[in-house]
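Given next are the chains, with one letter for each unit.
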Amino acid sequence: FFAVSLSGLTQTDPAVQKLVDTTNFYYRASDLLNLGEVYRPEHIYAQGHPYFITDEYTIASLSVGNTAFEKLKARYNIATDQLIIKAKVDSGLLVNMVTKEDWINSFKINGHFFVNSGKLYPDKNVKGYVEEVYKGKRTFYIKYRKKFIDTYNDATPEGFFSIVKTNKYVYENGIFIPVDKKCAFLKLYSDKKSIKKFMRENKIRYSKASTVQLNLLMQFCDGLPKSI
């Protein structure tokens, strides 16, 4: 038995295909965590990376149905919206696997908690994994995005990955309400002056606010009357 990783291998590399064939041969559906596909990273020589916070595998927890898995090694590809885990197949091989989205309820990685919007809120405009920042009378979510930029020059001969982009949402009564801008957020509440005062006192700049600050803001707003 031996441990292998697909990091750094291209999709056409014979070693990848051999490992795929081996994985398929020994694969057992009895292991919930192995219900996925072998991960084949793209644009591995590009500048930057497509992952959330870090391209290193970090400790994560995962919820699949009613089963919880702790202390997994994982990383979250926000360009493809895929959770990648290191998993053992029954042959003993350790491989990088793309978890099947329709099996995942939620996961926690790098101190951030993500939920599967497709399982919680099917047939909605917001797809894939979203970070749950606050859950109360209303729920606040953030969707993270990156994309590969196919610009090739001396500085980026293999292209590069964009900076992280985000979309903010407040969820209530089956609707994701976009609140990317402060003015859109303030429209949800009738007492806008109190919110502005609270933000000034707590030095919260909405566009640059951390998840901790947004959580604090939502706690305060939960006690205010709604306008929508």
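Residues numbered from 1 in each chain as written. Predicted model: local features only at pLDDT ≥ 70, side-chain atom pairs only at ≥ 80, totals over all residues. Heavy atoms only, no water.

## Quick notes on the overall build of the protein
Thinking step 1. Within the protein, the regular secondary structure consists of five helices and 13 strands.
Thinking step 2. Every one of the 228 residues in the protein was classed for burial, and the buried ones make up 43%.
Thinking step 3. Taking contacts inside the protein between residues at least 6 apart in sequence as the whole, the part at least 24 apart equals 56%. (Helix = DSSP H or I, 4+ residues; strand = E, 2+ residues; numbered from the N terminus. Buried < 20%, exposed > 50% of the residue type's maximum accessible area, 1.4 Å probe, protein only. Contact = heavy atoms within 4.5 Å.)

## What about the pattern of salt bridges?
Thinking step 1. Counted by the stated rule, this structure contains three salt bridges.
Thinking step 2. The salt bridge partner of K143 is D81, with a shortest N-O separation of 2.7 Å. Taken together, the residues span a long stretch of sequence, with K143 in strand β9 (residues 139–145) and D81 in the loop between β3 (67–77) and β4 (82–88) at a distance of 62 residues.
Thinking step 3. The exposure class assigned to D81 is buried, which follows from its relative accessible area of 16%.
Thinking step 4. Through salt bridges that share partners, R138, E172 and K226 make up one connected network. (Salt bridge = Lys/Arg side-chain N within 4 Å of Asp/Glu carboxyl O.)

## Thoughts on unusual backbone geometry
Thinking step 1. Phi is positive for N110, which is not a glycine, with a value near 55°.
Thinking step 2. Relative to the elements of secondary structure, N110 occurs in the loop between β6 (104–109) and β7 (112–116).
Thinking step 3. Relative accessible area serves as the criterion here: at 27%, N110 is assigned to the partly exposed category.
Thinking step 4. A positive phi is found at K203, a non-glycine position, where the angle reads about 55°.
Thinking step 5. With respect to the helices and strands, the residue K203 is situated in the loop between α4 (192–201) and α5 (211–221).

## Some remarks on the packing of α4 against α5
Thinking step 1. Two elements in contact, α4 and α5, have axes whose closest approach is 11 Å; the angle formed by their N-to-C orientations is 145°. Here α4 runs over α5; the crossing is right-handed. Every residue of α5 that contacts α4 at S194, I195, F198 and M199 is listed here: L216, L217, F220 and C221.
Thinking step 2. Residues belonging to the contact of α4 with α5 are distributed by class as follows: seven nonpolar, one polar and no charged. (Axes fitted to C-alpha atoms, helices over the stretch in contact; angles between N-to-C directions. Left-handed = near helix turned anticlockwise from the far one by under 90°. Nonpolar A, V, L, I, M, F, W, Y, C, P; charged D, E, K, R; others polar.)

## Observations regarding the sheet that holds strand β12 (residues 165–172)
Thinking step 1. Ordered by their spatial adjacency, 11 strands build an open sheet running β1-β5-β4-β3-β2-β6-β7-β8-β9-β12-β13, and the pairing between neighbours is antiparallel. The sheet is open, and its two edges are formed by β1 (36–38) and β13 (175–178), each paired on a single side. The mean inter-strand angle of the sheet, taken between neighbouring strand axes irrespective of direction, is 40°.
Thinking step 2. One ladder, built from four bridges, connects β3 with β4; its direction is antiparallel. Each bridged residue has a counterpart across the sheet, and for Y76 the counterpart in β4 is L83.
Thinking step 3. Across the sheet, α5 is in contact with β7, β8 (129–135), β9 and β12; its angle to β8 comes to roughly 45°. (Pairing = 2+ DSSP bridges.)

## Quick word on the nonpolar core
Thinking step 1. Counting 44 residues, the largest nonpolar core has F107, F140, F185, I195 and L217 as its most contacted members.
Thinking step 2. With residues up to four places along the chain from it excluded, the contact list for F185 reads F140, V170, V179, I195, Y206, L217, M218 and C221.
Thinking step 3. By size, the runner-up hydrophobic cluster in this structure holds eight residues, among which are V130, Y169, Y171 and F176. (Core = buried A, V, L, I, M, F, W, Y, C linked by side-chain atoms within 4.5 Å.)

## Thoughts on a positive patch on the surface
Thinking step 1. Taken together, the side chains of K182, K187, K192, K193, K196, K197 and R200 make up a positively charged region of the molecular surface.
Thinking step 2. The greatest single-element share of the positive patch, amounting to five residues, is contributed by α4.
Thinking step 3. In this structure, K192 sits in helix α4. (Patch = residues over 30% accessible without salt bridge, like charges linked within 9 Å, V, L, I, M, F, W, Y side chains within 5 Å. Areas by Shrake-Rupley, 256 points an atom, 1.4 Å probe, with all protein chains shown as cover. Lys, Arg positive; Asp, Glu negative; His and termini not counted. Charge placed at Lys NZ, Arg CZ, Asp CG, Glu CD.)

## Notes on the confidence of the model for the protein
Thinking step 1. Predicted confidence across the protein gives a mean pLDDT of 85, with 83% of residues reaching 70 or more.
Thinking step 2. For the stretch residues 1–12, pLDDT sits under 50, and the model shows 32 contacts to residues farther than four places along the chain or on other chains.
Thinking step 3. In this model residues 22–30 is a low-confidence stretch, pLDDT under 50, and it forms 12 contacts with partners more than four residues away in sequence or in other chains. (pLDDT = per-residue confidence, 0-100.)

## Description of the packing of aromatic side chains
Thinking step 1. Counting across every chain of the model gives 20 aromatic pairs.
Thinking step 2. Where Y76 meets F107, the ring centres are 5.4 Å apart and the plane angle is 75°; that geometry is what we call edge-to-face. Of this pair, Y76 sits in strand β3 while F107 sits in strand β6, and the two are 31 residues apart along the sequence.
Thinking step 3. Residue Y76 is classed as buried on the basis of its relative accessible area of 1%.
Thinking step 4. When the ring of F185 is compared with that of Y189, the centres are 5.6 Å apart and the planes differ by 50°; the resulting orientation is tilted. Each of the two residues, F185 as well as Y189, counts as buried.
Thinking step 5. Through successive ring pairs, a cluster of aromatic residues spans F52, Y76, F107, F114, Y129 and Y144.
Thinking step 6. Residue placement shows K86 over the ring face of Y57; its charged tip is 4.4 Å from the ring centre. (Phe/Tyr/Trp six-rings, centres within 6.5 Å; stacked < 30°, edge-to-face > 60°. Lys NZ or Arg CZ within 6 Å of the ring centre and 35° of its normal.)

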